[in-house]
Amino acid sequence: MLRAEARRLRPGTRLPSSRVLVARHKVSPVTVARALGLLAAEGVVVTRPGSGTFVAERPTKAPGPADHGWQAVALGDRSIEAGGVAWLLEPPREGVVPLSGGYLHPVLQPARAIAAAAARAARRPAAWETPPLGGVPELRAWFARTVGGDVAPADVLITSGGQQSITTVLRALLPPGAPLLVESPTYVGATAVARASGLHPVPVPVDADGVRPDLLAEAFAMTGARALYCQPTFHNPTGAVLAAERRAQVLAVARAAGAFVIEDDFARHLGIQPGPPPLATQDADGRVVHIASLTKATAPSLRVSAVIARGPVAERIRATQLVEGFFPARPLQETLLELVSSPGWPRHLRAVRTALKARRDALLAALGRELPELQVNRPSGGFHLWARLPDGTSDVELADAALQGACW
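Below: a short report on this structure. (Residues numbered from 1 in each chain as written. Predicted model: local features only at pLDDT ≥ 70, side-chain atom pairs only at ≥ 80, totals over all residues. Heavy atoms only, no water.)

1. Some thoughts on the overall build of the protein
The helix and strand tally for the protein stands at 15 helices and 12 strands. Overall size of the protein, expressed as C-alpha extent along the three principal axes, is 80 × 55 × 55 Å. Going through the 408 residues of the protein one by one, you find that 42% of them count as buried. In the protein, 70% of the contacts between residues at least 6 apart in sequence involve partners at least 24 apart. Taking the average location of the 44 positive side-chain charges in the protein and that of its 34 negative ones, the two points are 13 Å from each other. (Helix = DSSP H or I, 4+ residues; strand = E, 2+ residues; numbered from the N terminus. Buried < 20%, exposed > 50% of the residue type's maximum accessible area, 1.4 Å probe, protein only. Contact = heavy atoms within 4.5 Å. Lys, Arg positive; Asp, Glu negative; His and termini not counted. Charge placed at Lys NZ, Arg CZ, Asp CG, Glu CD.)

2. Considering the pattern of salt bridges
Applying the stated rule across the entire model yields 19 salt bridges. In this structure, Asp-207 and Arg-246 form a salt bridge, with 2.8 Å as the shortest nitrogen-oxygen distance. One end of the pair, Asp-207, is in strand 5 (residues 200-207); the other, Arg-246, is in helix 11 (residues 244-257), with 39 residues separating them in the sequence. Under the relative-accessibility criterion, Asp-207 is labelled partly exposed at 31%. A single salt-bridge network, built from bridges that share partners, covers Arg-120, Arg-124, Arg-330, Glu-334 and Glu-338. (Salt bridge = Lys/Arg side-chain N within 4 Å of Asp/Glu carboxyl O.)

3. A word on the environment of Pro-232
With respect to the element layout, Pro-232 can be found in the loop between strand 7 (227-230) and helix 11. Note on Pro-232: relative accessible area 2%, which makes it buried. The spatial distance from the C-alpha of Pro-232 to the C-alpha of Phe-266 is 9.9 Å, given a sequence separation of 34 residues. Once residues lying within four places of it in the same chain are set aside, the contact partners of Pro-232 are Ala-240, Val-241, Leu-242, Arg-247, Glu-263, Asp-264 and Leu-279.

4. Observations concerning the nonpolar core
As a rule of thumb, soluble globular proteins bury nonpolar side chains together. With 25 residues, the main nonpolar core has Leu-173 and Ile-317 as its most contacted residues. Of all the secondary structure elements, the ones that give two or more residues to this core are helix 8 (162-173), strand 4 (179-184), helix 9 (188-196), strand 7, strand 9 (288-293) and helix 12 (312-325). The greatest single-element share of this core, amounting to five residues, is contributed by helix 8. Once residues within four sequence positions are removed from consideration, Ile-317 is found in contact with Leu-157, Thr-168, Val-169, Ala-172, Leu-173, Val-289, Val-307 and Ala-309. Counting 24 residues, the second-largest nonpolar core is a separate cluster that includes Trp-142, Val-151, Ala-299 and Leu-339. (Core = buried A, V, L, I, M, F, W, Y, C linked by side-chain atoms within 4.5 Å.)

5. Regarding the packing of aromatic side chains
Under the criterion given, the structure shown has two aromatic pairs. Ring centres of Trp-142 and Phe-143 lie 5.2 Å apart, and the angle between their planes is 80°; this geometry places the pair in the edge-to-face category. The residues Trp-142 and Phe-143 share a single accessibility class, namely buried. Cation over ring: Arg-48 sits above Phe-54, and NZ or CZ is 4.3 Å from the ring centre. (Phe/Tyr/Trp six-rings, centres within 6.5 Å; stacked < 30°, edge-to-face > 60°. Lys NZ or Arg CZ within 6 Å of the ring centre and 35° of its normal.)

6. Regarding helix 13 (residues 330-341)
A rise of 1.5 Å per residue sets the reference length of helix 13, with its 12 residues, at 16 Å; its end C-alpha atoms lie 16 Å apart and thus fit the reference within 8%. Counting buried residues along helix 13, nine of its 12 residues qualify, which places the element largely inside the surrounding structure. Within the sequence span of helix 13, burial applies to Arg-330, Gln-333, Glu-334, Thr-335, Leu-336, Leu-337, Glu-338, Leu-339 and Val-340. Elements that come into contact with the buried residues of helix 13 comprise helix 6 (111-122), helix 7 (137-147), strand 3 (156-159) and helix 14 (344-370). (Expected span 1.5 Å × (residues − 1).)

7. A word on the packing of helix 10 (residues 213-223) against helix 11
The axes of two packed helices give the description: the angle between them and the distance between them. It is at 10 Å that the axes of helix 10 and helix 11 come closest, and there the two elements cross at 10°. The angle between helix 10 and helix 11 places the two elements in the roughly parallel class. Contacts from Pro-213, Leu-216, Ala-217 and Phe-220 in helix 10 reach Arg-246, Gln-249, Val-250, Val-253, Ala-254 and Ala-257 in helix 11. (Axes fitted to C-alpha atoms, helices over the stretch in contact; angles between N-to-C directions. Parallel < 35°, antiparallel > 145°, perpendicular 65-115°, else oblique.)

8. What about the sheet that holds strand 4?
Working definition: the strands of a sheet are paired by backbone hydrogen bonds and lie parallel or antiparallel to each other. Pairing in this open sheet of eight strands is mixed, and the strands run 3-10-9-8-7-4-5-6 from one edge to the other. Only two strands of the sheet have a single partner each, and these edge strands are strand 3 and strand 6 (210-211). Here six bridges tie strand 4 to strand 5, and the two strands are oriented parallel to one another. Bridged to Ser-184 within strand 5 is Pro-205. (Pairing = 2+ DSSP bridges.)

9. Section: the packing of helix 6 against helix 13
Direction vectors running N to C along helix 6 and helix 13 enclose 120°, while the axes themselves pass 8 Å from each other. In terms of axis orientation, helix 6 runs oblique to helix 13. Of the two elements, helix 6 crosses helix 13, and the hand of that crossing is right-handed. Together, Ala-113, Ile-114, Ala-117, Ala-118, Arg-120 and Ala-121 of helix 6 and Pro-331, Glu-334, Thr-335, Glu-338 and Leu-339 of helix 13 make up the contact between the two elements. (Left-handed = near helix turned anticlockwise from the far one by under 90°.)

10. Considering the environment of Arg-369
Mapped onto the elements, Arg-369 comes out in helix 14. Separated by 3.4 Å, the side chains of Arg-369 and Glu-370 make a polar contact. (Polar contact = N/O pair within 3.5 Å; in protein donor to acceptor, adjacent residues only side chain to side chain.)

11. Some thoughts on unusual backbone geometry
A cis amide bond links Ser-184 to the next residue, Pro-185, at an omega of 5°. You can see Pro-185 is positioned in the loop between strand 4 and helix 9. Residue Pro-237 is reached from Asn-236 by a cis peptide bond, and omega for that bond is 20°. Within the element layout of this structure, Pro-237 appears in the loop between strand 7 and helix 11. Backbone geometry places Phe-234, a non-glycine residue, at a positive phi of 55°.

The following block contains the structure:
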């Protein structure tokens, strides 16, 4: 009613006082204050302290759509393809059960615990100050203990989520135009970042035991690449865990090539069965750049991660983050520290492990019953099952048909 009244009046007209509006509409003063605040946020009214509330000036309509054609020339032919990443983040249509998501189902996210941790963190005056550039010291120490081995807090850089960590690391390690070895298949967000940074992803096949060291050595020799991006534990999307003997072989191959290994440990806390120690714990010469993320085990917007590196590469990564984004928001760092330090954190991880096992087994049973001809893996952690389609079947056409069928 107030919105309609304001739109009928001329700009600059003073609205009735709050006392008059309370009496006229028979509502509380709080309701009137909230309504006026909402209209002010929408730009319908303006409030002048000591004078009252007035109808705001109405914006004039633009004469027509602007011509943005000049931008095509200025931007050149470089493109950034975000389709695959955007598709992963788009909410599903009504009636569709998404099987491609990369986050816990909302019922498994520790929303109340995060809210309580955020409230405790926000009450600290220091939570709104500039954090140490490497991150809150206690959080760096927690990540170092969690990764294990001889990782020290000084080796840890707190970052703004796993995706941003991949971006920062790739830009720090490789110049535009350089090749980057990646597992095939691999996480689409990593290849999108690589291409957006001007790198050339080179696929190296993965089997049930992870990336194949023999083909990895060939790829390094043929391309001269100086980095491998991999997910050795609960690989996305196959769920594979790099076999113990291959872990040493991958590090040996990278050592012979004089290359880095970027270890994306995004699913460390999603193990139905405990995963092996990170590659970083077997690294004696600073070859492994380890990305440790907690977003997958918490909630999509708790975007705090860590990059663990040693030697000159650590300084390069720190400098790149500083130039690109200064530092992750300290309230988020403090919130994550409160969460992982609370007694409820181990209970949450146990609950997630139990739920993932039940859901994996339920999906396996359903696929065995409805599609017995499919060859499906049985992952020991992570979010995904990997099914081999019958020869000649297009995965794209199958996905499109499933979406169309769900909307009938």
